[in-house]
Protein chains: 6
Amino acid sequence: MRRIVLKISGKIIDHQKTDLIKRYGEVIRRIYESGDKIAVVTGGGEIARSYIRACRELTSNESFCDLMGIEISRINALLLAGVLEDLAYGRIPRDIDQFLEAWSTGRVVVLGGIQPGQSTSAVAAAIAELIRADFLIYLTIVRGVYDRDPSQPDAVLLREVDIDMLENILSKQSFVAGGYELIDPVAIKIIKRSRINTFVTYGYDPENIMRILSGEIIGTRITYRL
Amino acid sequence: MRRIVLKISGKIIDHQKTDLIKRYGEVIRRIYESGDKIAVVTGGGEIARSYIRACRELTSNESFCDLMGIEISRINALLLAGVLEDLAYGRIPRDIDQFLEAWSTGRVVVLGGIQPGQSTSAVAAAIAELIRADFLIYLTIVRGVYDRDPSQPDAVLLREVDIDMLENILSKQSFVAGGYELIDPVAIKIIKRSRINTFVTYGYDPENIMRILSGEIIGTRITYRL
Amino acid sequence: MRRIVLKISGKIIDHQKTDLIKRYGEVIRRIYESGDKIAVVTGGGEIARSYIRACRELTSNESFCDLMGIEISRINALLLAGVLEDLAYGRIPRDIDQFLEAWSTGRVVVLGGIQPGQSTSAVAAAIAELIRADFLIYLTIVRGVYDRDPSQPDAVLLREVDIDMLENILSKQSFVAGGYELIDPVAIKIIKRSRINTFVTYGYDPENIMRILSGEIIGTRITYRL
Amino acid sequence: MRRIVLKISGKIIDHQKTDLIKRYGEVIRRIYESGDKIAVVTGGGEIARSYIRACRELTSNESFCDLMGIEISRINALLLAGVLEDLAYGRIPRDIDQFLEAWSTGRVVVLGGIQPGQSTSAVAAAIAELIRADFLIYLTIVRGVYDRDPSQPDAVLLREVDIDMLENILSKQSFVAGGYELIDPVAIKIIKRSRINTFVTYGYDPENIMRILSGEIIGTRITYRL
Amino acid sequence: MRRIVLKISGKIIDHQKTDLIKRYGEVIRRIYESGDKIAVVTGGGEIARSYIRACRELTSNESFCDLMGIEISRINALLLAGVLEDLAYGRIPRDIDQFLEAWSTGRVVVLGGIQPGQSTSAVAAAIAELIRADFLIYLTIVRGVYDRDPSQPDAVLLREVDIDMLENILSKQSFVAGGYELIDPVAIKIIKRSRINTFVTYGYDPENIMRILSGEIIGTRITYRL
Amino acid sequence: MRRIVLKISGKIIDHQKTDLIKRYGEVIRRIYESGDKIAVVTGGGEIARSYIRACRELTSNESFCDLMGIEISRINALLLAGVLEDLAYGRIPRDIDQFLEAWSTGRVVVLGGIQPGQSTSAVAAAIAELIRADFLIYLTIVRGVYDRDPSQPDAVLLREVDIDMLENILSKQSFVAGGYELIDPVAIKIIKRSRINTFVTYGYDPENIMRILSGEIIGTRITYRL
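Please read all numbers here as calculations on a predicted model, not as lab measurements. (Residues numbered from 1 in each chain as written. Chains lettered and ligands numbered in written order. Predicted model: local features only at pLDDT ≥ 70, side-chain atom pairs only at ≥ 80, totals over all residues. Heavy atoms only, no water.)

As for the interface of chain C and chain E
Quick reminder of the rule: We call two residues in contact whenever any of their non-hydrogen atoms come within 4.5 Å of each other. Values labelled buried area give the accessible surface lost by two parts on being combined, using a 1.4 Å probe and summing over both. One side-chain nitrogen of Lys or Arg within 4 Å of one carboxyl oxygen of Asp or Glu is enough to make a salt bridge. Residues adjacent in sequence count toward polar contacts only when both atoms are side-chain atoms; beyond that, a polar contact is any pair of N or O atoms within 3.5 Å, and within protein one must be able to donate a hydrogen and the other to accept it.
Across the boundary between the two partners, chain C contributes 9 residues, which contact 11 residues of chain E. Buried area between chain C and chain E, summed over both chains or domains, comes out near 810 Å², and the portion from carbon and sulfur atoms is 38%. Together, Asp86(C), Arg91(C) and Arg107(C) form the three largest contributors to the area buried by chain C at its contact with chain E, with a combined 56%. Along the contact surface separating chain C from chain E lie 5 salt bridges. Where Arg132(E) meets Asp86(C), a salt bridge forms, and the shortest distance between an N and an O atom there is 3.0 Å. On inspection of chain C and its partner chain E, the count reaches 6 residue pairs in polar contact (both at pLDDT 80 or more).

Some remarks on the confidence of the model for chain A
Residue and element names in this part refer to chain A. Short version of the rule: The pLDDT value expresses, per residue, how confident the predictor is, ranging between 0 and 100.
Of all residues in chain A, 96% attain a pLDDT of 70 or more, and the chain-wide mean is 92. A low-confidence stretch, residues 175–180 (pLDDT under 50), is modelled with 11 contacts involving residues beyond four sequence positions or located in other chains. Across the whole predicted complex the pTM is 0.90, and at the interface the ipTM reaches 0.90.

Focus on the pairing of strand 4 (residues 135–140) of chain E
Residue and element names in this part refer to chain E. Definition in use: For the exposure calls, accessible area comes from a 1.4 Å probe over protein chains only, and a residue counts as buried if that area is under 20% of its type's maximum, exposed if over 50%, partly exposed in between. In this description a helix means any DSSP run of H or I spanning at least four residues, a strand means any run of E spanning at least two, and both kinds are numbered starting from the N terminus. In this description, strands pair whenever DSSP reports at least two bridges between them.
In terms of burial, strand 4 is largely enclosed, as 6 of its 6 residues are buried. The pairing of strand 1 (residues 3–8) with strand 4 spans 5 bridges and is parallel. Within strand 4, the residue paired with Ile4 across the bridge is Phe135. Direction of pairing for strand 4 relative to strand 6 (residues 198–202): parallel, over a ladder of 5 bridges. Bridged to Leu136 within strand 6 is Thr198.

As for the interface of chain B and chain A
With 26 residues of chain B in contact, the opposing surface of chain A contributes 26 residues. Together, the buried faces of chain B and chain A total about 2,500 Å²; carbon and sulfur atoms form 70% of this surface. Of all residues in chain B, the largest losses of buried area upon contact with chain A belong to Tyr51(B), Leu58(B) and Ile75(B), amounting jointly to 27% of the total for that side. Between chain B and chain A we count 0 salt bridges in total. Taken together, the links from chain B to chain A amount to 8 residue pairs in polar contact (both at pLDDT 80 or more). Sort the elements by how many residues they give to the side of chain B that touches chain A and helix 3 (residues 62–84) of chain B lands first, with 12 residues.

Overview of the packing of aromatic side chains
Residues and elements named next belong to chain D. In plain terms, the rule: Any two rings among Phe, Tyr and Trp, with Trp reduced to its six-membered ring, count as a pair given centres within 6.5 Å; such a pair is stacked if its planes are under 30 degrees apart, edge-to-face if over 60, and tilted if neither. Remark: a charge is flagged as sitting over a ring if the NZ atom of Lys or the CZ atom of Arg is within 6 Å of the ring centre and within 35 degrees of the ring normal.
Enumeration according to the criterion identifies 18 aromatic pairs over all chains in this entry. Plain terms: the ring middles of Phe135 and Phe199 are 6.1 Å apart, the flat faces sit at 25 degrees to each other, and that makes the pair stacked. Taken together, the residues span a long stretch of sequence, with Phe135 in strand 4 (residues 135–140) and Phe199 in strand 6 (residues 198–202) at a distance of 64 residues. Note that Arg143 overlies the ring of Tyr202, its terminal NZ or CZ placed 3.9 Å from the centroid.

Examining the sheet that holds strand 5 (residues 160–162) of chain F
Residue and element names in this part refer to chain F. Rules: Think of each axis as a best-fit line through the C-alpha atoms, taken over the contacting stretch in the case of a helix, with angles from 0 to 180 degrees between the N-to-C directions.
Spatially, 7 strands are ordered 3-2-1-4-6-7-5 in an open sheet, and the strand pairing comes out mixed. Lying at the two open borders of the sheet, with one neighbouring strand each, are strand 3 (109–111) and strand 5. With strand direction ignored, the average angle separating the axes of adjacent strands in the sheet is 20 degrees.

Digging into the relation of the copies chain B and chain A
What counts, and what does not: Alignment of copies: least-squares fit on C-alpha atoms of residues with pLDDT of at least 70 in both copies.
Mapping chain B onto chain A is achieved by rotating through 180 degrees and translating by 0.0 Å along the same axis, at an RMSD of 0.0 Å. Both copies of the chain, as the preceding transformation shows, are related through a two-fold rotation axis. Interface overlap between copies is the fraction of interface residues in one copy that are interface residues in the other; for chain B against chain A it reaches 100%, indicating a shared surface.

A closer look at the sheet that holds strand 7 (residues 220–223) of chain C
As a general point, the strands of a sheet are linked pairwise by backbone hydrogen bonds and lie either parallel or antiparallel. Residue and element names in this part refer to chain C. With mixed pairing, the 7 strands of this open sheet are ordered in space as 3-2-1-4-6-7-5. The sheet terminates laterally at strand 3 (109–111) and strand 5 (160–162), the two strands that pair on one side only. Along the sheet, successive strands turn relative to each other by an average axial angle of 20 degrees, direction set aside. The pairing of strand 5 with strand 7 spans 3 bridges and is classified as parallel. Paired with Val161 across the bridge in strand 7 is Ile222. Docked against the sheet, helix 1 (residues 18–33) engages strand 1 (3–8), strand 2 (37–42) and strand 4 (135–140), running at close to 155 degrees with respect to strand 2.

Description of the arrangement of the chains
There is a clear gap between chain A and chain D: no contact, and 16 Å between their nearest C-alpha atoms. Separated without contact, chain C and chain F have their nearest C-alpha atoms at a distance of 16 Å.

Remarks on the relation of the copies chain C and chain E
Put simply, the two copies of the chain differ by a rotation about an axis and a shift along that axis. Mapping chain C onto chain E calls for a rotation angle of 120 degrees and an axial translation of 0.0 Å; the resulting RMSD is 0.0 Å. In short, the pair behaves as if placed about a three-fold rotation axis. Judged by C-alpha distance, Thr105(C) is the residue of chain C that lies nearest the rotation axis, at 3.4 Å.

Considering the environment of Ile183(C)
Residue and element names in this part refer to chain C. The residue Ile183 is located in the loop between helix 6 (163–172) and helix 7 (185–193) in this model. On the basis of relative accessibility, which here comes to 5%, the residue Ile183 falls in the buried class. Considered as a pair, Ile183 and Arg3 are 180 residues apart in the sequence and their alpha carbons are 20 Å apart. Residues within four places of Ile183 in sequence aside, it is in contact with Ser121, Tyr138, Leu166, Leu170, Ile188, Ile191, Val200 and Ile222.

A word on the side chain of Asn197(D)
All names here are of chain D. Note that Asn197 resides in the loop between helix 7 (185–193) and strand 6. Separated by 3.0 Å, the side chain of Asn197 and the backbone oxygen of Asp134 make a polar contact. For Asn197, the residues in contact, after removing those within four places along its chain, are Asp134, Phe135, Leu136 and Arg221.

Some points on unusual backbone geometry
Positive phi, close to 55 degrees, is recorded for Arg132(D), a residue that is not glycine. Here Arg132(D) lies in the loop between helix 5 (120–130) and strand 4.

A word on the pairing of strand 6 (residues 198–202) of chain A
Residues and elements named next belong to chain A. Along strand 6, 4 of the 5 residues are buried, which leaves the element largely enclosed by surrounding structure. Bridge analysis of strand 6 against strand 7 (residues 220–223) gives 2 bridges, and the strand direction is antiparallel. Paired with Val200 across the strands is Thr220, a residue of strand 7.

Observations regarding the packing of helix 5 of chain D against helix 7 of chain D
Residues and elements named next belong to chain D. Stated precisely, the cut-off is as follows: For this classification, under 35 degrees means roughly parallel, over 145 means roughly antiparallel, 65 to 115 means roughly perpendicular, and everything else is oblique. Left-handed describes a crossing in which the near helix is turned anticlockwise from the far one by less than a right angle; the clockwise case is right-handed. Three classes are used, and their members are as follows: Ala, Val, Leu, Ile, Met, Phe, Trp, Tyr, Cys and Pro are nonpolar, Asp, Glu, Lys and Arg are charged, and the others, Gly among them, are polar.
At a minimum axis separation of 8 Å, helix 5 and helix 7 run at an interaxial angle of 20 degrees. With respect to helix 7, the axis of helix 5 lies roughly parallel. Along this stretch, helix 5 crosses helix 7, giving a crossing that reads as left-handed. Mapping the contact onto sequence places Ser121, Ala122, Ala125, Ala126 and Glu129 in helix 5 and Val186, Ala187, Ile190, Ile191 and Arg193 in helix 7. Its residues assigned to classes, the contact of helix 5 with helix 7 comprises 7 nonpolar, 1 polar and 2 charged.

Have a look at this one:
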């Protein structure tokens, strides 16, 4: 039995991409039926951004607008839970205590964000650490970690990246809008302190999860120095 | 001190209509500061419908898809709570128990749906009954209750409508799509048994609330036989 | 594995009929041990009515008095859970979220009402839809659905009844007091939209559940047009 | 502002004594409006006993049957909350955490039992200690503490009783059935360690509360040695 | 399958005795893997006492200071849950309702205190009764129940003690400080009314649990008259 | 009415420093009675560290050990709430939703940590942003922000520090053990994006809070570029 945490970008688990959600459902079902345990964190995506924009016109309270994004990420989680039917725990946990309750039942647990000022990538890392995950897989809109801005023609996809180098790459890339937002510093800190077995891969193909679980490196693996 | 319940259509409290949300915020603030107590129920609107459509592609579970719509109606509630700032109770109640807790603090309580298979119009009626509301106002995209399908040229806006006649009008109108969905049978049943002082009015002008509270009949008033 | 929802009238699950409760316990145990999953909704019965009467002398708040009835239906649920011992989930869920949590554990979940203005027959339908029940069985004090008031000498028990005809029959029967209250309009709406495989049978004989599950029609089966 | 805890016997707050409940409502309203803060604990009474008897026929689990009694005591609390309307906190707290939340709103908090194996008289003492109550008043079916079994002709009502003597009197009186059950040892322990200003009085006359609050000794006052 | 409740003294499950906690973890794992179900209640110990002392310097509110001790007992529960990893339910239940939820998942449930004015020995008895435990084992710093103060040279360890005699022994021993505090009167009452199969044994050797489960009497067994 | 968030180091709110806790209680009482609203976040301090060390001997699960520290920080919060008596909300909120509920009552809200992998300094910043705090004051064991390691002889206390420079200073100082841990990067990010009016001051003198609120700069003020 392995413990697996998936973080799926909100641009991928999106209510306008139901086919992709179905395919995720099938992959998760296969993993679950093979005896592994899975938690999935979904991001907020475009709808989240559009609610956050609306929120900012109404209040200058950034935390409050974060709550909007969190609620949308939870609805995305609900979409995925819907396709998983009985496999999934019946509720979307809203905090760590509720996550632990859900996890104790042995079901697939799907959740979104938890708290203002915290990215869903950090939620995924925190949960992976808490359940001692064997795999933490970030499913994103790019193919993995690049040595520079992936939109540049000479950007090279890295098969492996040392956690410190990743921290460095991410801190230099301020091209937030439309760019990475892959893994934020809190996630990095947690992944690093517990040396979590972490991958970044292309999320439009859910089969990448199976490939990574069977030992292939699709995308980028995070490595740790001795 | 009067107790007021507003039900605002999800087509009106919509994240793409932030100006209107602001105006609702101002009206609610004025009412609150005059010493009245207010609960507001928001509907789901277009985004809810679009998530429900996505859900139906993923599962045949109608209740589950209702949950989607409920979550969106709660995010709409959050938008309105955001503009109300400290006036509003800090959370969106998810059930009647939580609503009662929130109401006990004296703040404006904003909420969305509560349970699958139940409309937000029924939630508003249930809450109005529970807190013994002096006013229950449905803010909709039409100007009130008409004697027939309001899209017909000869439809007449009724200034008053007997609850039994309303029941009759609504049951005959099966033009659901784009039409009324004003007040569902559960709401009617509750309004009727407690003879709640209920109005249906045009929601794109929040000042209509003030007008109704000061004794004008803007839209339609529901009446009860002796 | 089949999913079964039972709605047992509060006149049947009654603290003065412990023998009957025991027999329900045995039937539910047999079903559970055969591998099926079960949720049970219990009604309020006479004690509920007597608390509601007391409540009405104290307050004109109908919703509040509904809460009384709901609490009694939950105590009836507790009685049944007591006889089921470890088979039953340890708590009586108080809302849909708690129901889903309970259902995720795989135990028999027993609950009463949920919300003012909503009958326990509607709760059963909502839950049946939510868990995609294979059977929804209403256990009542009459033998099924009759073509007219069952107290009339020429009333005929229907073996099958189309959902629209049922709606019609129930709407014509206003002989509420002591009569049906079988299935309210909200329950009908849910059963209809999801074409739930629904039966109405005589609840004083719990073996009727086994008979229905093995394919017999005891009482009335609800049918749907193409 | 004084803090007052009332413990009202379930034989007094009983759904067949709505007039008495109304009179309690009026007295509590007067106290509240004078600026004092009040928590009320209600017992289970006859209905509780009758559910407990039913429970014992179904299971040998005494704790489980206690839960039955606790639920009935909560419904009694709901009856009293119903007559208090807006004065009362909207929910019946189910544990100490929920009580503290409720108390923080400044409303009258009404509750029943909390936990199997614990009497409502102990709940009242625990709450009185927690909120540093100025008065803890036990409203019972007898006129106060007697020097022996109050059903004996020569039993003398004590105007004051030392806490140690009370402990002694109660421990000798094993005539539980129909007798005292006034204050159990856990309640005594708490009252004693915090020297809570405690009274036992006749509950069929709610005005006794006013009398005690204004300095009269109606019934028995508990005293403490230096 | 047997149901076992352990009450471990806070002096034993102490963050400065991690080796002992590990050994408890191993014993509990063996029992769990043999198919039995286990709940564990941990006490507060020295740290609890030191927080309670601090609390008393800040407030005269004894209940509030009890809450301190309860929170520390929960942290001790967390330590034990930590070493049990996936075997343990993911949260420390804070009340009986949460305990029942946790117990329904089939995991080992570890908890501390629940309510002010109530000892963890009473919590253990209440839980043992609620789940119909086959064994309730008190793991203490002494070797069992003695016929008098165990610090006296001629104190004799009793292999069996009648519940009434135990009650008598404990009531006579007021040498609280540093002495027994074994089992308080509430625990005695519960154990007695349900004739729970109860043992008191030496907690510094967790293997004593295995010995008792396999039929040996290590320490003292509580007996009941016919 | 101003909104004030205090973050008090766990080394200061410590159960062995009850005099200091009392003085904090008095200062908070004065602020509250002047009409301002206050939330207080307490750290974990030495006891937290000692539990975390114990936890690490039991499990390699860092998140789990964080939970230990969080629970201790909540007990410290409880100590402070104890001395505040009725001024403080009756519970220690365990997540953001509970915080918002508590804040809605108008009481002083005291809390500890919320989530593994997140410092209490970040909790304070998140809450300050969420309630639109007018002041966020970090009460630490040093006198403010220094231009280098404060233990160095030539370290200069800065009266003002630009947020970017602060970020820079903190990132260079890796002398974690015994040193700053003042404000972590997540806190910096939140403070910066909402330009929260933030101070760092010496926590052993609670009067510093009053001084800062009245316009003095005691310690260091964080500044923002245009």
